[in-house]
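Residues per chain, in single letters:
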Amino acid sequence: MSKLHWRPARVSDLPAISAIAARIHPDLPESPDVFAEKMRIYPVGCRVLIADDGIAGYGLSHPWKQHRIPPLDGFLEQLPDDADCLYVHDVAVLPDRRGGAARAYVATIEDLARSNGIATLALVSVYATRPLWERLGFRPVTADAELRAKLASYGESATYMLRDLIAA
């Protein structure tokens, strides 16, 4: 078996991405069109995890504004000109392929952010993933009322988190 590796996502990967999303996030469904838009407007942040038997995961990220989370299953339409973070929309890996895959994706987008002058990564932790993200250097942020309202659509345990790349 060859080593798992991340490669840029392609439009032809959308069925696999959607299938993995449906399996990993059954309570947080998103349209394939939403994934396609992210791939179209910021392709360098969209990657798939390749295994011998096909696609085993995906990661989607794009420039955004801190403390403002995009709506779940919503279109971005355009990226902000004054983006101050690289937002990790999702990292989903099939259970039997975990064990360092998220860390490798985050390292890739950390390099991408730095090369574009972005000093912060942001994400919303869902389900019980907060400890994983904390191990990867993200810290929870106290949410104001507006942010709490947006987090509600991501589920009860949703936590907004940031990672400062300057301190990393």
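In the block above lies the structure referred to throughout.
Residues numbered from 1 in each chain as written. Predicted model: local features only at pLDDT ≥ 70, side-chain atom pairs only at ≥ 80, totals over all residues. Heavy atoms only, no water.

Visitor: What should I look at first to understand the overall build of the protein chain in this one?
Guide: Scanning the protein chain from N- to C-terminus turns up five helices and seven strands. Computed over C-alpha atoms, the radius of gyration of the protein chain comes to 15 Å, within 12% of the 15 Å expected from 2.2 N^0.38 for 168 residues, which places it in the range of a compact globule. For the protein chain, the C-alpha atoms occupy an extent of roughly 45 × 30 × 30 Å along the three principal directions. In the protein chain, which comprises 168 residues, the share counted as buried stands at 49%. Of the contacts formed within the protein chain by residues at least 6 apart in sequence, a portion of 71% connects residues at least 24 apart. When the accessible surface of the protein chain is split by element, carbon and sulfur atoms take 53% of a total near 8500 Å². Across the protein chain, 19 positive and 21 negative side-chain charges occur, with their mean positions spaced 5 Å apart. (Helix = DSSP H or I, 4+ residues; strand = E, 2+ residues; numbered from the N terminus. Rg over C-alpha atoms; globule rule 2.2 N^0.38 Å. Buried < 20%, exposed > 50% of the residue type's maximum accessible area, 1.4 Å probe, protein only. Contact = heavy atoms within 4.5 Å. Areas by Shrake-Rupley, 256 points an atom, 1.4 Å probe, with all protein chains shown as cover. Lys, Arg positive; Asp, Glu negative; His and termini not counted. Charge placed at Lys NZ, Arg CZ, Asp CG, Glu CD.)

Visitor: Looking at this model, I keep getting lost on the pairing of strand 5 (residues 120–125). Mind explaining?
Guide: Remember that side chains alternate between the two faces of the sheet whenever the strand is regular. For strand 5, a buried count of six out of six residues is recorded, marking the element as mostly surrounded by other parts of the structure. Side chains of strand 5 alternate between two faces, with Thr120, Ala122 and Val124 and Leu121, Leu123 and Ser125 buried alike. Across three bridges, strand 4 (residues 85–93) lies against strand 5 in parallel orientation. From the neighbouring strand, tyrosine 87 faces strand 5, where its bridge partner is alanine 122. Traced from strand 4 through helix 3 (residues 101–115) to strand 5, the parallel crossover comes out right-handed. By the bridge criterion, six bridges tie strand 5 to strand 7 (residues 159–164) in an arrangement that is antiparallel. Its bridge partner lying in strand 7, leucine 121 is registered against arginine 163. (Pairing = 2+ DSSP bridges. Right-handed = clockwise from strand over helix to strand, strands pointing away.)

Visitor: Honestly, the sheet that holds strand 1 (residues 5–8) in this entry has me stumped. Any pointers?
Guide: Whenever strands of a sheet pair, they do so through backbone hydrogen bonds, lying parallel or antiparallel. Pairing in this open sheet of seven strands is mixed, and the strands run 1-2-3-4-5-7-6 from one edge to the other. Edge positions in the sheet fall to strand 1 and strand 6 (139–140), since each of these pairs with one other strand and no more. On top of the sheet, helix 1 (residues 14–24) reaches strand 2 (46–51), strand 3 (54–64) and strand 4; it is set at about 90 degrees to strand 3, its chief contact. Its contacts with the sheet place helix 2 (residues 32–41) against strand 2, strand 3 and strand 4, and it is angled at close to 65 degrees to strand 3. (Axes fitted to C-alpha atoms, helices over the stretch in contact; angles between N-to-C directions.)

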